[in-house]
Amino acid sequence: MASVHLTGPRVAVAAKPAALGGLRLTPASLAVPTGRRARGLVVRAATVVSPKYTSVKPLGDRVLVKVKTTEAKTEGGILLPVSVQTRPTGGEVVAVGEGRSFGSNTIGISVPVGAQVVYSKYAGTELEFNDADHLILKEDDIIGILDSDDVKDLKPLNDRILIKVAEAEEQTAGGLLLTQANKEKPSIGTVVAVGPGPLGEDGSRKPLSITPGSNVMYSKYAGSEFKGEDGEYIVLRASDVMAVLS
C-alpha cells in the first residue's frame, strides 16, 4: 500500500494512497508516469531493452529488481487514471552483481535473488525488460528485506535502522488540545531492528552501537517513512540518529 515521492514532476490528487504489499509510504504524493505527457510536462521514459536480449546481468554492487505492479485502484475501490498511479518502491531481486572489491578480496551482494526488498525512492535506473518494469540500483540503495505485509518485519541492511515513531502529543504543556493539523511531527521513536553495519575499507562490517529497544532522537527530515498496521515507522541511517534517550 505504498504511496511515494518520485523523481520528476508531480500532480496532486484527492484519492487515497494506492496499495503496495501491505505498506504505505508517507506523505502521499502521486506522480506523472514516465514517458507520458501531462499538462505540457514531459517525463523521461524508462530504457526499453530489446526482445533480442534474453538476460540482464548487473555488474559490481548493482542489483536488478523487478518492480511490483502499480495499483490501479485506491483502497476505497476508486479507479485511478494512468496519469496518477504511483510507482512502487518495492520489488523482487532477480539478478545481482559480483559484489564490491576490497583489494584482492571481493565481498558478495548480501541480498539474495528472490528476496522481496524495499529501496530508496530516488534510487536506480528504470528499464523495461520482458514486458515488465525493472530497476537497476546499487545494493546500498536497498533499505531492507521485507518478506511480509507489515513494515515492522523489515530487516534493515547495512547501516540502516528501523524505528517505530512515537505518537504525537495530543495537547500542549498548558493543556490545550491539538488538532490533527497542529500536532508536532515526532522525531523520537523506539528502535525495532538494526542492520549488520556498514562495510569498512577492508571489507569487514562494523556493527552498529545502537540496539533494538533503544529510545532515540533522530533528524526530522531524514529517512523513508512508512505506515504500518500499528502505527508510523521510519527507516534511516545510523548517522541520522542524534541521541539515545533514557
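The shown structure was predicted, so the numbers you read here are calculated from the model rather than taken from an experiment. Residue indices follow the written sequence of each chain, beginning from 1 at its first position. The predicted nature of this model means local features are confined to residues of pLDDT at least 70 and side-chain atom pairs, given and counted, to a pLDDT of 80 or more, with totals for whole chains, interfaces and linings taken over all residues. The side-chain quantities take in all heavy atoms of the structure and omit both hydrogens and water.

What to know about the overall build of the protein
So, step 1. Runs of H or I in DSSP of at least four residues are treated as helices and runs of E of at least two as strands, each being numbered from the N terminus. Regarding its fold elements, the protein presents zero helices and 21 strands.
So, step 2. Sequence-distant contacts in the protein: of pairs separated by 6 or more residues, those separated by 24 or more amount to 62%.
So, step 3. Total accessible area computed for the protein in this model is approximately 13400 Å², and 52% of it derives from carbon and sulfur atoms. Whether two residues touch is decided by their heavy atoms; if any such pair falls within 4.5 Å, the residues are in contact. Each accessible area is a Shrake-Rupley result for a 1.4 Å probe, and residues are judged covered by the shown protein chains and nothing else.

What about the side chain of Asp159?
So, step 1. Mapped onto the fold, Asp159 is located in the loop between strand S15 (155–156) and strand S16 (160–165).
So, step 2. A distance of 2.7 Å separates the side chain of Asp159 from the side chain of Arg237, its partner in a polar contact. We call two N or O atoms a polar contact when they sit within 3.5 Å, provided that within protein one can donate a hydrogen and the other can accept it, with sequence-adjacent residues counted only if both atoms are side-chain atoms.

Remarks on the pattern of salt bridges
So, step 1. The working definition used for a salt bridge is a side-chain nitrogen of Lys or Arg within 4 Å of a carboxyl oxygen of Asp or Glu. By the definition in use, this model includes three salt bridges.
So, step 2. For the salt bridge of Arg237 with Asp140, the shortest nitrogen-to-oxygen distance reads 2.8 Å. Of the two residues, Arg237 is situated in strand S20 (residues 231–237) and Asp140 in the loop between strand S13 (132–138) and strand S14 (142–145); the sequence distance between them amounts to 97 residues.
So, step 3. Measuring nitrogen to oxygen at the nearest pair gives 2.5 Å for the salt bridge that ties Lys227 to Glu232.
So, step 4. A relative accessible area of 29% means that Lys227 is categorised as partly exposed.
So, step 5. Relative accessibility decides the category of a residue: with a 1.4 Å probe and only protein chains considered, values under 20% of the type maximum give buried, values over 50% give exposed, and everything between is partly exposed. With relative accessibility at 30%, the residue Glu232 sits in the partly exposed group.
So, step 6. A single network of salt bridges, built from pairs that share partners, joins Asp140, Asp159 and Arg237.

A short note on a nonpolar patch on the surface
So, step 1. Only residues whose relative accessible area exceeds 30% and that take part in no salt bridge are eligible for patches, with like-charged residues grouped when within 9 Å of each other and nonpolar side chains (Val, Leu, Ile, Met, Phe, Trp, Tyr) grouped when within 5 Å. A cluster of nonpolar side chains, namely Ile188, Met217, Met242 and Leu245, defines an oily patch on the protein surface of about 320 Å² accessible area.
So, step 2. Checked against the element boundaries, Met242 lands in strand S21 (residues 241–245).
So, step 3. Since its relative accessible area comes to 55%, Met242 is described here as exposed.

Description of a negative patch on the surface
So, step 1. There is a patch of like negative charges on the surface, built from Asp147, Asp149, Asp153, Glu229 and Asp230.
So, step 2. For Asp147, the location among the structural elements is in the loop between S14 and S15.
So, step 3. With a relative accessible area of 58%, Asp147 lands in the exposed category. All tallies of charge rest on Lys and Arg as positive and Asp and Glu as negative; His and the ends of each chain are not included. In this description, the location of a charge corresponds to atom NZ of lysine, CZ of arginine, CG of aspartate or CD of glutamate.

Structural notes on the sheet that holds strand S11 (residues 116–119)
So, step 1. With respect to topology, eight strands assemble into an open sheet ordered S6-S12-S13-S7-S8-S11-S14-S15, the strand pairing being mixed. For this open sheet the edge positions go to strand S6 (47–48) and S15, each flanked by a neighbour on one side alone.
So, step 2. Any two strands with at least two DSSP bridges between them are considered paired. One ladder, built from five bridges, connects strand S7 (residues 62–67) with strand S8 (residues 90–96); its direction is antiparallel. In the sheet register, Val67 faces S8, and the bridge partner there is Gly91.

Observations regarding the confidence of the model for the protein
So, step 1. You can read pLDDT as the predictor saying how much it trusts each residue, on a scale of 0 to 100. Per-residue pLDDT for the protein has a mean of 77; in total, 66% of the residues score no lower than 70.
So, step 2. In this model, residues 1–20 is a region of pLDDT below 50 whose contacts with residues beyond four sequence positions or in other chains number 68 contacts.
So, step 3. Low pLDDT, under 50, characterises residues 27–44; the predicted model gives this stretch 45 contacts beyond four residues in sequence or across chains.

With respect to the nonpolar core
So, step 1. Grouping buried Ala, Val, Leu, Ile, Met, Phe, Trp, Tyr and Cys residues that are joined through side-chain atoms within 4.5 Å yields what is termed a nonpolar core. Core analysis: the biggest nonpolar cluster contains 16 residues, and Val63, Val65, Val93, Val111, Val117, Leu137 and Ile142 have the highest contact counts within it.
So, step 2. For this core, the secondary-structure elements that each account for two or more residues are S7, S8, S11, S13 and S14.
So, step 3. When residues no more than four places from it in sequence are discounted, the contact partners of Val111 are Val93, Val96, Val117, Glu139, Ile142, Ile145 and Leu157.
So, step 4. Ranked by size, the runner-up nonpolar core spans 13 residues in total, among them Ile163, Val165, Leu208 and Ile234.

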